[in-house]
Amino acid sequence: DFLKGYFETGLDVLSRASLAFLTNIHAAQWITSLIVDGIIAGVGGILTFLPNIFILFLALAFLEDSGYMARVAFVMDKLLRKIGLSGKSFVPMLIGFGCSVPAIMASRTLSSQRDRKMTIIVTPFMSCSAKLPIYGMIIAAFFSTKAPLVMITIYCIGILVAIFSALLLKATIFPGDPIPFVMELPSYRIPTAKNVIMHMWEKAKDFLKKAFTIIFIASLLIWFLQSFNFRFEMVTDSSKSILAYIGNKLSFIFAPLGFSDWRLSTSLITGITAKESVVSTLSVLTNSSSPDALYHALNTLLTPASAFAFLTFTVLYMPCVAAFAATKRELGSWLQAILTAGYQTGIAYVVAFIVYHLALLIS
């Protein structure tokens, strides 16, 4: 957290300095907004997770180099085989609690195409760290007295949906059993600093590459849609933007889940660029200058039942564009990547629908 705090402080200083410089040279409003609200806020929001990613990879590199990770896969093989996965699938699923991108990339260690594809499809159901701001926002606004129970429930929903999906895929698209898991367990050894650092850097470098390519482009696109109307005039009121229009048109889809306000559907669209964008988008669209103001605004948009359904949907629907790009690269096909994202979003919709109506019955 303290490393992440340094990054956030640095980005805040950069944002303020850029704003002051652009104001002093009388730059056009759209240029200022593009650089400060689009580029720095968009890419910067992702880079604040860099310390978490580095530390995650450092720990995993240590476990792999010591010979322990191979034993984890071996121990979990019997349990995962019952749902159609290989013991090696446990490692990507475990990494998925940190970030879906390296988790999907880690599936390449599986030798079977069937096992790889199933693992890639179910791994994003794990609660990655980027979803934590959403959990914090909804729980603080609606379930503060039962925060631990709600948090545990959300994690369990993701795990249970992953298990159900694996069983469903095994019975339909990917019949059969995983290939026999035969491996030579490496000896335990003291990890060398050189190997650990090299392994960590290779993985983190790939994350940085995505941050400055896919996420950069996606941030610019969201900024444009949120800042302009269909006459390509810059708007100060986000409710008159292209993004708001799209959100309004899609809001009816989410009405059966209990949340039909355009601001909520819009936040789910921006959440595709990065899950934490859901929180920042709602802060902007509700004109909330503080967390308390945001919580108050959410209470006018959601009920506890619909809030839990919203939370469930954000946990399960398609991951961010970086994870989507990693899925495409690992599957080798845009069509398969789109179908995977469609399946994940469809499952999210069905589960959120069930959760909402069960919550209504209970309440």
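Residues numbered from 1 in each chain as written. Predicted model: local features only at pLDDT ≥ 70, side-chain atom pairs only at ≥ 80, totals over all residues. Heavy atoms only, no water.

## Some words on the packing of helix α12 (residues 242-254) against helix α13 (residues 262-270)
Axis separation between α12 and α13 bottoms out at 7 Å; the angle between their running directions is 105°. Judged by the inter-axis angle, α12 sits roughly perpendicular to α13. On α13, the residues that touch Leu243, Ala244, Ile246, Gly247, Asn248, Leu250, Ser251 and Phe254 of α12 are Trp262, Ser265, Thr266, Leu268, Ile269 and Thr270. Classifying every residue of the contact of α12 with α13 by side-chain character gives eight nonpolar, six polar and no charged. (Axes fitted to C-alpha atoms, helices over the stretch in contact; angles between N-to-C directions. Helix = DSSP H or I, 4+ residues; strand = E, 2+ residues; numbered from the N terminus. Parallel < 35°, antiparallel > 145°, perpendicular 65-115°, else oblique. Contact = heavy atoms within 4.5 Å. Nonpolar A, V, L, I, M, F, W, Y, C, P; charged D, E, K, R; others polar.)

## Here we look at the packing of aromatic side chains
Under the defined criterion, the tally for this structure stands at twelve aromatic pairs. With centroids separated by 6.2 Å and ring planes inclined at 45°, the aromatic side chains of Phe142 and Phe143 adopt a geometry described as tilted. Across the pair, Phe143 and Phe142 agree in class, each one buried. By way of ring pairs, the aromatic residues Phe254, Phe259, Phe310, Phe313 and Tyr317 are connected into one cluster. (Phe/Tyr/Trp six-rings, centres within 6.5 Å; stacked < 30°, edge-to-face > 60°. Buried < 20%, exposed > 50% of the residue type's maximum accessible area, 1.4 Å probe, protein only.)

## Points about the pattern of salt bridges
Tallying each qualifying case throughout the model produces six salt bridges. Among the salt bridges present, the one from Glu233 reaches Arg231, with a minimum N-O distance of 3.3 Å. Using a relative accessible area of 39% as the deciding quantity, one classes Glu233 as partly exposed. (Salt bridge = Lys/Arg side-chain N within 4 Å of Asp/Glu carboxyl O.)

## A few points about the side chain of Asp65
Mapped onto the secondary structure, Asp65 falls in helix α3 (residues 50-66). In terms of polar contacts, Asp65 uses its side chain to reach the backbone amide nitrogen of Thr192, at 3.1 Å. Setting aside residues up to four positions removed in sequence, Asp65 forms contacts with Arg189, Pro191, Thr192, Asn195 and Val196. (Polar contact = N/O pair within 3.5 Å; in protein donor to acceptor, adjacent residues only side chain to side chain.)

## What about the nonpolar core?
Residues Met137, Ile138, Phe259, Leu302 and Phe313 are the most contacted members of the largest nonpolar core, which totals 59 residues. It is helix α16 (residues 304-316) that provides the largest number of residues to this core, a total of nine residues. If near-sequence neighbours (up to four positions away) are discounted, Phe313 is found in contact with Phe254, Leu257, Phe259, Leu268, Thr345, Ala348, Tyr349 and Ala352. If you look at the next biggest cluster of nonpolar residues, it comprises 20 residues, including Leu60, Ile95, Met200 and Cys320. (Core = buried A, V, L, I, M, F, W, Y, C linked by side-chain atoms within 4.5 Å.)

## A word on the packing of helix α17 (residues 321-331) against helix α18 (residues 334-362)
Look at α17 against α18: their axes get within 8 Å of each other, and the N-to-C directions meet at 130°. Here α17 is positioned oblique relative to α18, judged by the angle of their axes. Seen along the crossing, α17 lies across α18 with a hand that is right-handed. Every residue of α18 that contacts α17 at Phe324, Thr327, Lys328 and Leu331 is listed here: Trp334, Gln336, Ala337, Ile338, Thr340 and Ala341. Across the contact of α17 with α18, the residue classes tally to six nonpolar, three polar and one charged. (Left-handed = near helix turned anticlockwise from the far one by under 90°.)

## Considering α13
Burial analysis of α13 places eight of its nine residues in the buried class, the great majority of the element. For α13, the full list of buried residues reads Trp262, Leu264, Ser265, Thr266, Ser267, Leu268, Ile269 and Thr270. For α13, the capping residue at the N-terminal end is Asp261, with a side-chain oxygen 2.8 Å from the backbone nitrogen of Arg263.

## Concerning unusual backbone geometry
Phi is positive for His26, close to 55°, though the residue is something other than glycine. With respect to the element layout, His26 can be found in the loop between α1 (2-24) and α2 (29-47). The phi dihedral of Phe232 is positive, around 60°, even though this residue is not glycine. Secondary-structure assignment places Phe232 in the loop between α11 (214-227) and α12.

## Observations regarding α17
Within α17, nine of the eleven residues are buried, which leaves it mostly tucked inside the rest of the structure. Turning to α17, its buried residues number three or more, namely Val321, Ala322, Ala323, Phe324, Ala325, Ala326, Thr327, Glu330 and Leu331.

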